[in-house]
Amino acid sequence: KASAYSSTWCSGSTRDGRLPPIDAKNQAEDILNSILPPREWTESGQLWVQQVSSTPATRLDVLNLQEQLDIRLQQRQARETGICPVRRELYSQCFDELIRQVTISCAEKRNSSLES
């Protein structure tokens, strides 16, 4: 499967030489699925697939992420110094969410700059 980037540039240009409009949501979803692949599991004989959301984050979402990280670090008694598997797991989840947010934001900004 071609990446969103290469399929955009291979799609050709319009008669006036401009590239066709890019669907930012589909592009963001393709990139997200390549960075954070969908999770698949079987439960009661049924296949379940969980994909990363392509909904943009708000400022409140970012603040809530920080608050939830702090709460979970305390709840799970993560060590503040040294190697701590709990801290590593929680920060890994947090970084995945930040990567998701930045990926969506960049795809939207790229699309709006191409439209101008």
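Use the structure listed above.
Quick summary incoming for the structure in this document. Everything numeric in this text was worked out from a predicted model, so none of it was measured.

**Focus: the overall build of the protein**
Assigned secondary structure in the protein consists of four helices and two strands. Beginning at the N terminus, the succession of helices and strands in the protein can be written as α-α-β-β-α-α. Pairs at least 24 apart in sequence give 51% of the contacts found in the protein among residues at least 6 apart. Accessible surface, the protein: about 9000 Å² in total, of which carbon and sulfur atoms supply 52%.

**Notes on the pattern of salt bridges**
Within the structure shown, the criterion is met by two salt bridges. Here Arg76 ties to Glu89 by a salt bridge, and the two come within 3.1 Å at their closest N and O atoms. In this pair, Arg76 sits in the loop between helix H3 (59–75) and helix H4 (85–115) while Glu89 sits in helix H4, placing the two residues 13 residues apart along the sequence. Residue class for Arg76 comes out partly exposed when judged on its relative accessible area of 38%. Ionic pairing is found between Arg100 and Glu97, a salt bridge with its closest N-O pair at 2.8 Å.

**Structural notes on the layout of surface pockets**
Roughly 540 Å³ of volume is contained in the largest pocket. Taken together, 19 residues form the lining of the largest pocket, with Arg39, Gln93, Cys94, Asp96 and Glu97 sitting closest to its centre. Of all the secondary-structure elements, those providing two or more residues to the lining of the largest pocket are H3 and H4. The element that contributes the greatest number of residues to the lining of the largest pocket is H4, accounting for six residues. Of the residues in the lining of the largest pocket, the class split is eight nonpolar, six polar and five charged.

**Regarding the pairing of strand S1 (residues 39–43)**
Among the five residues in S1, zero count as buried, and that is only a small part of the element. Summarising the sheet, S1 and strand S2 (residues 46–50) pair through five bridges and their orientation is antiparallel. Across the sheet, the residue bridging to Glu40 is Val49, located in S2. Remark: two residues form the turn of the hairpin made by S1 and S2, two consecutive strands paired antiparallel; Ser44 in that turn has positive phi of roughly 55 degrees.

**Here we look at the environment of Gln101**
Residue placement: Gln101 occurs in helix H4. When the C-alpha atoms of Gln101 and Ala57 are compared, they prove to be 6.0 Å apart, with 44 residues separating the residues in sequence. Setting aside residues up to four positions removed in sequence, Gln101 forms contacts with Ala57, Val62 and Leu65. In this structure the side chain of Gln101 is engaged in a polar contact, spanning 2.7 Å, whose partner is the side chain of Glu97.

Quick notes on the rules
Residues numbered from 1 in each chain as written. Predicted model: local features only at pLDDT ≥ 70, side-chain atom pairs only at ≥ 80, totals over all residues. Heavy atoms only, no water. Helix = DSSP H or I, 4+ residues; strand = E, 2+ residues; numbered from the N terminus. Contact = heavy atoms within 4.5 Å. Areas by Shrake-Rupley, 256 points an atom, 1.4 Å probe, with all protein chains shown as cover. Salt bridge = Lys/Arg side-chain N within 4 Å of Asp/Glu carboxyl O. Buried < 20%, exposed > 50% of the residue type's maximum accessible area, 1.4 Å probe, protein only. 1 Å grid on protein atoms, 1.4 Å probe; cavity = no way out; pocket = protein on both sides within 12 Å on 5 of 7 lines; lining within 4 Å. Points joined across faces, edges and corners; volume = space filled by probe spheres on them. Nonpolar A, V, L, I, M, F, W, Y, C, P; charged D, E, K, R; others polar. Pairing = 2+ DSSP bridges. Polar contact = N/O pair within 3.5 Å; in protein donor to acceptor, adjacent residues only side chain to side chain.

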